[in-house]
Every structure is written in structure tokens, then in C-alpha cells.
Amino acid sequence: MKFETFIPSDILKPYIKSFAVQEATDERVYKVLPDTGLVIGFQYKGRLLHLQSQKEIPLSTSGVSGLADQYKTFKNSPDIGTVLVFFKEAGATMFFKNPLHELFRESVSLDNFMLRSELLLLEERLYEATTDSLRINVVEEFLITRMTHAEPDKLVLAALALIHKSKGTIRIKELMDHLAISQSPLEKRFRQAVGASPKKFASIVRMKNALQQYNPSMSLTDLSYEAGFYDQAHFIKEFKTFTGGTPENYFSEKE
């Protein structure tokens, strides 16, 4: 399988972490773990299915996936090629007018956000592109035309920084006190810009940090405490929701 990343152009760097071109020659089933930013995928060849409750749900050729708090399982057709756009946290607000929390746990077609005729033209240009660099250029041009030049919400950015500083363990009350704001407006502004509530976002950050902190010399008890869990059973339950497996199985596969 091929997975090559690309750095965004300067105008897009404040909002997009990276682009990637992913290709696979064989059909395969794989998991995607939750992350902290939205993702757009453009299939320029092949098709992708979302596996859910023993059903195969075809995904649109061009679609956006919101934040999620549990893993997803996908199945790709043989000979698939995809351009992926990985947004920075709150970065997608520059390109989508809709409140981003409406996309939580969802993967929807881009024609919900633009004219179908425009999307078909974009997909045709990607299909005709002969190199990865040309494909990235097509996607960058598309994104630049969609920029709204909205001002970033500084309060939301401050909340994101506090959540990351605490590795996802900060309480909402602490967040409110630090930012001198009540819960309702904080949650509304955060959900619109980031795509999940502060509490849900913090839980994603906390589990991502737990996965990164693990080393083979650590016990699961130590790992759960390091991640801010006071009950190992609760940690294991959230871990299975996040990754689809027990900590023992997950980490043994990584070794």
C-alpha cells in the first residue's frame, strides 16, 4: 500500500495539517481511529465502503468525515486511489459555513456543501490528473476557492490549547474558569468550530495521548493512571470503543 504525505501551500497551512495520496492494489478491510480534525477524501479511482453493523455502506466519491469518538471500519475496492485532506483543529471553519458538530460521527458527500455540477467538474479533473502533485494541486485550488476568510475564534483556540496542555484530562469547570465564560456559550462556540463538545474532544485527546505514552515496560494500571483514569475497568471500556480491541491485543499487534 502507498501512503505519501504532502505539505500544504502557505495560504492553507494555518488550516490544514497535511495532504496525502493513498493507493492500494488489493481489496482490504481496515480500521481508522478517532482523530481531532475533520478529513475530506476524494477517490480518483476505486470505491470505499463503510462497514457498520454487518452492512456495507458505499461512501461518496468525494466526502467529508466529522470527528468521532469511536473507531470506524472501512473496506476498499481493488486498485483504489484517494486524496486525503487532514484539517487542523477548528481549521475546517474556513471552508464550511455549517456548524461542524452536525458532522459528528458522520461521513457525508461534499455535494451537501456545493453545487453538484461543481463537484463533478472537480472529480473529473482529479480523474484526469496523471501525477500525485497534480492531484494535490487540483485539491488545493478547490480549497482556496472555498475559503471564507472568517476570523478564527480566539476563545476556542485558547480552549484547545488548555485541553492539549492537560493531555485531555482538564474538567469543563476548570476550562470555564480559565476562560471566564459560562458553559452554554463555551460549548456552543466550541462545537461549531471544532466539531464536538469540549468534553468529547478532551476524551479523544486523552485516549490519543494514552496510545502515544504506552511502552512495553508499562502496566495497564500505570497507563490508565497516566491517562487520567481512576478506574482501570473504565479505561479498558473506553479503549475498546476507541480502538475496537483490548489494550493487550492492540499493543501486541503494534510490537
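See the structure printed just above.
Given the structure is predicted, the values throughout are model-derived calculations rather than measurements.

A. Highlighting helix 2 (residues 132-146). Taking 1.5 Å per residue as the helical rise, helix 2 with its 15 residues ought to reach 21 Å, and the 22 Å between its terminal C-alpha atoms agrees with that figure. If you check which residues of helix 2 are buried, you get Asp132, Arg135, Ile136, Val138, Val139, Glu140, Phe142 and Leu143. Residues of helix 2 that are buried make contact with strand 1 (2-6), strand 2 (16-24), strand 4 (39-45), strand 9 (80-87) and helix 1 (116-128).

B. Fine view of the pattern of salt bridges. Under the definition given, this model contains 15 salt bridges. The residue Glu27 makes a salt bridge to Lys75 at a minimum N-O spacing of 3.9 Å. Within this pair, whereas Glu27 is found in the loop between strand 2 and strand 3 (28-32), its partner Lys75 is found in strand 8 (residues 72-76), the two being separated by 48 residues in sequence. By sharing partners, the salt bridges in this structure join Lys2, Asp132 and Arg135 into a single network.

C. Inspection of the packing of helix 3 (residues 154-165) against helix 6 (residues 198-213) at higher detail. Here helix 3 crosses helix 6 at 40°, and the two axes come no closer than 10 Å. Here helix 6 runs oblique to helix 3, going by the angle between their axes. Read as a crossing pair, helix 3 and helix 6 show a hand that is right-handed. Touching Leu160, Ile163 and His164 of helix 3 are Pro198, Phe201, Ala202 and Val205, all from helix 6. Looking at the contact of helix 3 with helix 6 residue by residue, the class counts come to six nonpolar, one polar and no charged.

D. Fine view of helix 1. With 13 residues, helix 1 should reach 18 Å at 1.5 Å per residue; the first-to-last C-alpha distance of 18 Å fits that figure. Within the span of helix 1, buried status applies to Leu119, Leu122, Glu123 and Leu126. Projected onto a plane normal to the axis of helix 1, the buried residues spread over an arc of 95° and lie on a single side. Turned more than 90 degrees from where helix 1 packs its buried face, Ser117, Leu121 and Glu128 sit exposed. Taken together, the buried residues of helix 1 touch strand 4, strand 7 (62-65), strand 9, strand 10 (107-109) and helix 2.

E. Spotlight on the packing of aromatic side chains. All chains considered together, the criterion is met by 13 aromatic pairs. With a centroid separation of 6.0 Å and an interplanar angle of 85°, the aromatic rings of Phe42 and Phe142 are classed as edge-to-face. One end of the pair, Phe42, is in strand 4; the other, Phe142, is in helix 2, and 100 residues separate them in sequence. Overall, Phe142 belongs to the buried group, its relative accessible area being 10%. On the numbers, 5.6 Å between centres and 70° between planes, the contact of Phe190 with Phe201 is edge-to-face. On the criterion of sequence distance, the pair formed by Phe190 in helix 5 (residues 183-194) and Phe201 in helix 6 is long-range, its members being 11 residues apart. The class of Phe190 is buried, set by a relative accessible area of 0%. An aromatic cluster of at least three residues, connected via ring pairs, comprises Tyr214, Phe229, Phe235, Phe239, Tyr250 and Phe251. Lying across the ring of Tyr71, Lys31 places its NZ or CZ 5.1 Å from the centre. A cation over an aromatic ring shows up here: Arg135 above the ring of Tyr44, its NZ or CZ 4.1 Å from the ring centre.

F. The arrangement of the sheet that holds strand 3 in detail. With antiparallel pairing, four strands are arranged side by side in an open sheet as 3-8-5-6. Strands with a single pairing partner mark the edges of an open sheet, and in this sheet they are strand 3 and strand 6 (55-58). The average angle at which neighbouring strand axes cross in this sheet is 35°, direction not considered. Sheet topology note: the strand 5 (residues 48-52)/strand 8 ladder contains four bridges and is antiparallel. Bridged to Leu48 within strand 8 is Asn76.

G. A look at the pairing of strand 8. Burial of strand 8 is extensive: five of the five residues sit out of reach of the surface. As defined by bridge partners, strand 3 adjoins strand 8 across five bridges and the pair is classed as antiparallel. Bridge pairing in strand 8 links Lys31 to Thr73.

Each value, and the rule that gives it
Residues numbered from 1 in each chain as written. Predicted model: local features only at pLDDT ≥ 70, side-chain atom pairs only at ≥ 80, totals over all residues. Heavy atoms only, no water. Helix = DSSP H or I, 4+ residues; strand = E, 2+ residues; numbered from the N terminus. Expected span 1.5 Å × (residues − 1). Buried < 20%, exposed > 50% of the residue type's maximum accessible area, 1.4 Å probe, protein only. Contact = heavy atoms within 4.5 Å. Salt bridge = Lys/Arg side-chain N within 4 Å of Asp/Glu carboxyl O. Axes fitted to C-alpha atoms, helices over the stretch in contact; angles between N-to-C directions. Parallel < 35°, antiparallel > 145°, perpendicular 65-115°, else oblique. Left-handed = near helix turned anticlockwise from the far one by under 90°. Nonpolar A, V, L, I, M, F, W, Y, C, P; charged D, E, K, R; others polar. Arc of directions from axis to C-beta. Phe/Tyr/Trp six-rings, centres within 6.5 Å; stacked < 30°, edge-to-face > 60°. Lys NZ or Arg CZ within 6 Å of the ring centre and 35° of its normal. Pairing = 2+ DSSP bridges.

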